[in-house]
2 protein chains.
Amino acid sequence: MSGNPRVDASRVHADAVVVDGLQINNWSREVLEELRTGGVTGVNATAAVWEGTDQTLRTVAEWYQFARRHEDLMVLAETADDIRKAKEEGRVAVVLGFQNTSPFADDYRLVEVFARLGVRVAQLTYNIQNAVGGSCYEPHDSGLTRFGRNVVAEMNRAGMLIDLSHVGNRTSLDAVETSQLPVAITHSNPTWFVDNPRNKPDEVLRAVAASGGVVGCCLYPLVLGGASTGLEEFCAMVRRLVDEIGPDHVALGSDCTRNWGDDYVEWLRSGHWRPREDTPATWPQWPQWFRGPEDFPQVTDGLVSAGLDEQTVRSVLGENWLRLFDDVFASGRPA
Amino acid sequence: MSGNPRVDASRVHADAVVVDGLQINNWSREVLEELRTGGVTGVNATAAVWEGTDQTLRTVAEWYQFARRHEDLMVLAETADDIRKAKEEGRVAVVLGFQNTSPFADDYRLVEVFARLGVRVAQLTYNIQNAVGGSCYEPHDSGLTRFGRNVVAEMNRAGMLIDLSHVGNRTSLDAVETSQLPVAITHSNPTWFVDNPRNKPDEVLRAVAASGGVVGCCLYPLVLGGASTGLEEFCAMVRRLVDEIGPDHVALGSDCTRNWGDDYVEWLRSGHWRPREDTPATWPQWPQWFRGPEDFPQVTDGLVSAGLDEQTVRSVLGENWLRLFDDVFASGRPA
């Protein structure tokens, strides 16, 4: 028994500011309530995957309305302190993020425009090569492009966190080297845990940690090894990663996909970059121990049982994201 | 001699916070220096005439860069207090504004998006009928449309000033009635001064004043009666308008067009709504006494000579705009 009997997991979970590095739900009042029930305060919510500038603006406008409509339950957060305050108020703090740089089109100046609109995180590529760099699925990763270097510099200036989750390894290493600020992998696991293009080799994980950044361990079945992977296996992975890259650099990024039909997963896979598949994609089955945000307390149980000390559990649950948000978001905020 | 010999025009001009209700310059460092030389602190600068959402975002992004590049000379203002502060600092305070609702496309929610980006004024129509209402040149003014009513309500909520300068009379009266906040005519004159579709009949002027709004008397040759109109005639018009609608509702909106070639005036006239004219438009000649922003002190001389008391001169030069900006901009600012 490797658990730490002196740590009361339910108390730790209730006290901690729990932050999820990425969710891509079809947001509704019910989903917000699931987060609250699960004790999740902060969440990086995906506001663009394939969309361009115009459509993304409309999504952002929709978020403003959604946030007002449900202001008893949520707030749009632009700083780590907004998340800390939401914890005190018992509200969910949504950080708007992109899983692509498509909203910036070919204009690095649009980074600042979206930053001013409240967007605080952007993944450099989604699942295909783009103008900024190569994706994790690309057979020939271009590396960070000339335009990509300007986007990274502008993200640093504007205080927007660089996310490398779906990004190719060469582009990721280039981004770490180019960025003046720490970067994140919001939702991936080590390839030594599950060998999948969406997971990350040691070299990338260590580079992100060395930047002062954070790796969000991910519960999405594809990168978890399927629904049969146990909570103990997942938490043992977290513990090993803590040992390898340090307790200040490991966190969670569930990749929750609540409330969508199968059409949406086909859209995520194929966008408009290829014809729809003959057999359209369907959502994978999630593990029994993590059906959605309501199950977050079980993850805390698992982390305690895996023998992590209380401070490390708190760091993994949220403090590491908060520190990184403090370091990055404050950087270039307009006065 | 109707002038007030006790009022020292140059002292008043130096002390006053001078605000110009509209300029549509091709902005450069030189133009900023002209404003500073002319003692102009605040200016509503046009950031869109025909442009749609995407192009306007890029224009806004360009303004952010321009403002940083020339931060010794200017600041982007989002409140009246930003303008008052700029006066103390000896800088020009630029308020971003649109001369059209084209950036909002068919989505009233984009009002809030642009408000968050710093845009504080929007004219409901430019020179043609649009989705919001009829222009002053339209033979059949639709009145404020169903979509237009939502745009007006959203502009009220977001704290964006409604400008009726190029707007048709029926649409203008509808807008005054619909708006919960005072509205502006940033750059037009009374039709009793020059009978031109761009100028305004008594009914519209009085409705704007009754809303608590402001009329910016305009120096653009087309609405001034040409370059031969004298400073005394212009200032006598201002004085009569003060008598008719009250000293709290009259101001200036020069419609300065510095630094453009003739191509730009053809763009303003024809946009892409009609083929270019066979004989392309050229810029009109400005009066000797107002070649550009550097000549603002002469306007103050003229207002004093026309017999306006010192407080009214200050109100016309800027205080009325500042009061209106206080009333409107503060309304819906995001917390």
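A brief report on the enclosed structure follows. (Residues numbered from 1 in each chain as written. Chains lettered and ligands numbered in written order. Predicted model: local features only at pLDDT ≥ 70, side-chain atom pairs only at ≥ 80, totals over all residues. Heavy atoms only, no water.)

## As for the overall build of chain A
Stage number 1. The secondary structure content of chain A amounts to 13 helices and nine strands.
Stage number 2. Against the 2.2 N^0.38 benchmark of 20 Å for 335 residues, chain A shows a C-alpha radius of gyration of 18 Å, consistent with a compact globule.
Stage number 3. Dimensions of chain A along its principal axes, counting C-alpha atoms only, are 55 × 45 × 40 Å.
Stage number 4. Here the analysis covers contacts within chain A between residues at least 6 apart in sequence; of these, 73% occur between residues at least 24 apart.
Stage number 5. For chain A, the accessible surface area stands at approximately 12400 Å², while carbon and sulfur atoms represent 47% of it.
Stage number 6. Between the centroid of the 31 positive side chains of chain A and the centroid of its 47 negative side chains there is a distance of 3 Å. (Helix = DSSP H or I, 4+ residues; strand = E, 2+ residues; numbered from the N terminus. Rg over C-alpha atoms; globule rule 2.2 N^0.38 Å. Contact = heavy atoms within 4.5 Å. Areas by Shrake-Rupley, 256 points an atom, 1.4 Å probe, with all protein chains shown as cover. Lys, Arg positive; Asp, Glu negative; His and termini not counted. Charge placed at Lys NZ, Arg CZ, Asp CG, Glu CD.)

## What to know about the pairing of strand β8 (residues 214-217) of chain B
All names here are of chain B.
Stage number 1. In β8, alternate side chains face the same way, and those of Val-214 and Gly-216 on one face and Val-215 and Cys-217 on the other are all buried.
Stage number 2. Sheet topology places strand β7 (residues 184-185) next to β8; two bridges connect them, and they run parallel. Counted as the bridge partner of Ile-185 is Val-215 from β8.
Stage number 3. For the crossover that starts at β7, traverses helix α8 (residues 202-210) and ends in the parallel β8, the hand is right-handed.
Stage number 4. The pairing of β8 with strand β9 (residues 250-252) spans three bridges and is parallel. Within the sheet, the bridge partner assigned to Gly-216 lies in β9 and is Ala-251. (Buried < 20%, exposed > 50% of the residue type's maximum accessible area, 1.4 Å probe, protein only. Pairing = 2+ DSSP bridges. Right-handed = clockwise from strand over helix to strand, strands pointing away.)

## Quick word on the interface of chain A and chain B
Stage number 1. Facing the 21 residues of chain A at the interface are 21 residues of chain B.
Stage number 2. Both faces combined, the contact of chain A with chain B buries some 2000 Å², and carbon together with sulfur accounts for 53% of it.
Stage number 3. When residues of chain A are sorted by the area they lose upon contact with chain B, Arg-58, Arg-109 and Arg-116 of chain A head the list and together hold 29% of the total.
Stage number 4. Our count for the chain A to chain B interface comes out at eight salt bridges.
Stage number 5. For Glu-62 of chain A, the salt bridge identified is with Arg-109 of chain B, shortest N-O distance 4.0 Å. (Buried area = accessible area lost by both parts, 1.4 Å probe. Salt bridge = Lys/Arg side-chain N within 4 Å of Asp/Glu carboxyl O.)

## Description of the relation of the copies chain A and chain B
One chain copy maps onto the other through a rotation about an axis and a shift parallel to that axis.
Stage number 1. Each copy of the sequence occupies a distinct position, and chain A is placed on chain B by a rotation of 180 degrees and an axial shift of 0.0 Å, giving an RMSD of 0.0 Å. In the structure described here, the two chain copies are related by an operation that fits a two-fold rotation axis.
Stage number 2. Of the residues that chain A buries at the interface, 100% are likewise interface residues in chain B, meaning the two copies contact each other through the same surface. (Least-squares fit on C-alpha atoms with pLDDT ≥ 70 in both.)

## Things to note about the pattern of salt bridges
Residue and element names in this part refer to chain B.
Stage number 1. Counted under the stated rule, the structure contains 49 salt bridges over all chains.
Stage number 2. The salt bridge partner of Asp-72 is Arg-29, with a shortest N-O separation of 2.6 Å. Here Arg-29 lies in helix α2 (residues 29-37) and Asp-72 lies in the loop between α3 (53-69) and β3 (74-76), a separation of 43 residues in the sequence.
Stage number 3. The residue Glu-310 makes a salt bridge to Arg-314 at a minimum N-O spacing of 3.3 Å.

## Side note on the packing of helix α7 (residues 169-178) of chain A against helix α8 (residues 202-210) of chain A
Residues and elements named next belong to chain A.
Stage number 1. Where α7 contacts α8, the axes come no closer than 10 Å and their chain directions differ by 20 degrees. The angle between α7 and α8 places the two elements in the roughly parallel class. Here α7 and α8 pass one another in a crossing that is left-handed. Residues Asn-169, Ser-172, Leu-173 and Val-176 of α7 lie in contact with α8, whose contacting residues are Glu-203, Val-204, Ala-207 and Val-208.
Stage number 2. Of the residues in the contact of α7 with α8, the class split is five nonpolar, two polar and one charged. (Axes fitted to C-alpha atoms, helices over the stretch in contact; angles between N-to-C directions. Parallel < 35°, antiparallel > 145°, perpendicular 65-115°, else oblique. Left-handed = near helix turned anticlockwise from the far one by under 90°. Nonpolar A, V, L, I, M, F, W, Y, C, P; charged D, E, K, R; others polar.)

## Some details on the packing of aromatic side chains
Stage number 1. Counted by the stated rule, this structure contains 28 aromatic pairs over all chains.
Stage number 2. Between Phe-98 of chain A and Phe-114 of chain A the ring centres are 5.2 Å apart and the planes differ by 80 degrees, which places this aromatic pair in the edge-to-face class. Remark: Phe-114 of chain A occurs in helix α5 (residues 110-116) and Phe-98 of chain A occurs in strand β4 (residues 92-98); sequence separation between them is 16 residues. Across the pair, Phe-114 of chain A and Phe-98 of chain A agree in class, each one buried.
Stage number 3. One aromatic cluster is present, formed by Tyr-220, Trp-286, Phe-290 and Phe-296 of chain A through successive ring pairs.
Stage number 4. Geometry around Tyr-64 of chain B places Arg-116 of chain A over its ring, the cationic atom sitting 3.7 Å from the centre. (Phe/Tyr/Trp six-rings, centres within 6.5 Å; stacked < 30°, edge-to-face > 60°. Lys NZ or Arg CZ within 6 Å of the ring centre and 35° of its normal.)

## Quick look at helix α10 (residues 231-245) of chain B
All names here are of chain B.
Stage number 1. Over its 15 residues, α10 extends 21 Å from the first C-alpha to the last, a length consistent with the 21 Å expected when each residue adds 1.5 Å.
Stage number 2. Every buried residue belonging to α10 is among Leu-231, Phe-234, Cys-235, Met-237, Val-238, Leu-241, Val-242 and Ile-245, and all of these are buried. Angular distribution of buried residues about the axis of α10 spans 150 degrees; they occupy a single face of the element. In α10, those exposed residues whose orientation departs by more than 90 degrees from the buried face are Glu-232 and Asp-243.
Stage number 3. Along its buried surface, α10 packs onto α8, β8, α9 (221-224), β9, α12 (296-305) and α13 (310-329).
Stage number 4. Where α10 ends, the next residue or the one after it, Gly-246, has phi of about 100 degrees, a positive value. (Expected span 1.5 Å × (residues − 1). Arc of directions from axis to C-beta.)

## Quick look at the side chain of Asn-196 of chain A
Residues and elements named next belong to chain A.
Stage number 1. Locating Asn-196 in the fold gives a position in the loop between β7 (184-185) and α8.
Stage number 2. Take Asn-196: its relative accessible area is 13%, and that puts it in the buried class.
Stage number 3. Here Leu-222 takes part through its backbone oxygen, which lies 3.3 Å from a polar atom of the side chain of Asn-196.
Stage number 4. Not counting the four nearest positions on each side in its chain, Asn-196 is found in contact with Thr-191 and Leu-222. (Polar contact = N/O pair within 3.5 Å; in protein donor to acceptor, adjacent residues only side chain to side chain.)

## Topic: the nonpolar core
Stage number 1. Core analysis: the largest hydrophobic core is formed by 193 residues, its most contacted members being Phe-234 of chain A together with Phe-234 of chain B.
Stage number 2. Discounting chain neighbours no more than four positions away, the residues touching Phe-234 of chain A are Asn-189, Phe-193, Cys-217, Cys-218, Leu-219, Leu-224, Leu-252, Trp-289 and Val-299 of chain A. (Core = buried A, V, L, I, M, F, W, Y, C linked by side-chain atoms within 4.5 Å.)

## Examining α2 of chain B
Residue and element names in this part refer to chain B.
Stage number 1. For α2, the full list of buried residues reads Val-31, Leu-32, Glu-34 and Leu-35. Across the axial projection of α2, the buried residues extend over an arc of 155 degrees, all falling on one side.
Stage number 2. Of the surrounding secondary structure, the elements contacted by the buried residues of α2 are β1 (18-23), β2 (40-48), α3, β3 and β4 (92-98).
Stage number 3. Phi for Gly-39, located one or two positions after α2, is positive at around 70 degrees.

## A few points about the environment of Thr-145 of chain B
Stage number 1. Relative to the helices and strands, Thr-145 of chain B resides in the loop between β5 (119-123) and α6 (146-158).
Stage number 2. Here Thr-145 of chain B is in contact with Gln-129, Ala-131, Val-132 and Gly-133 of chain B, once residues within four sequence places are set aside.

## A closer look at unusual backbone geometry
Residue and element names in this part refer to chain A.
Stage number 1. In this model, Ala-105 sits at a positive phi of 50 degrees, which is unusual for a non-glycine residue.
Stage number 2. Its location among the elements puts Ala-105 in the loop between β4 and α5.
Stage number 3. Residue Ala-105 is classed as partly exposed on the basis of its relative accessible area of 34%.

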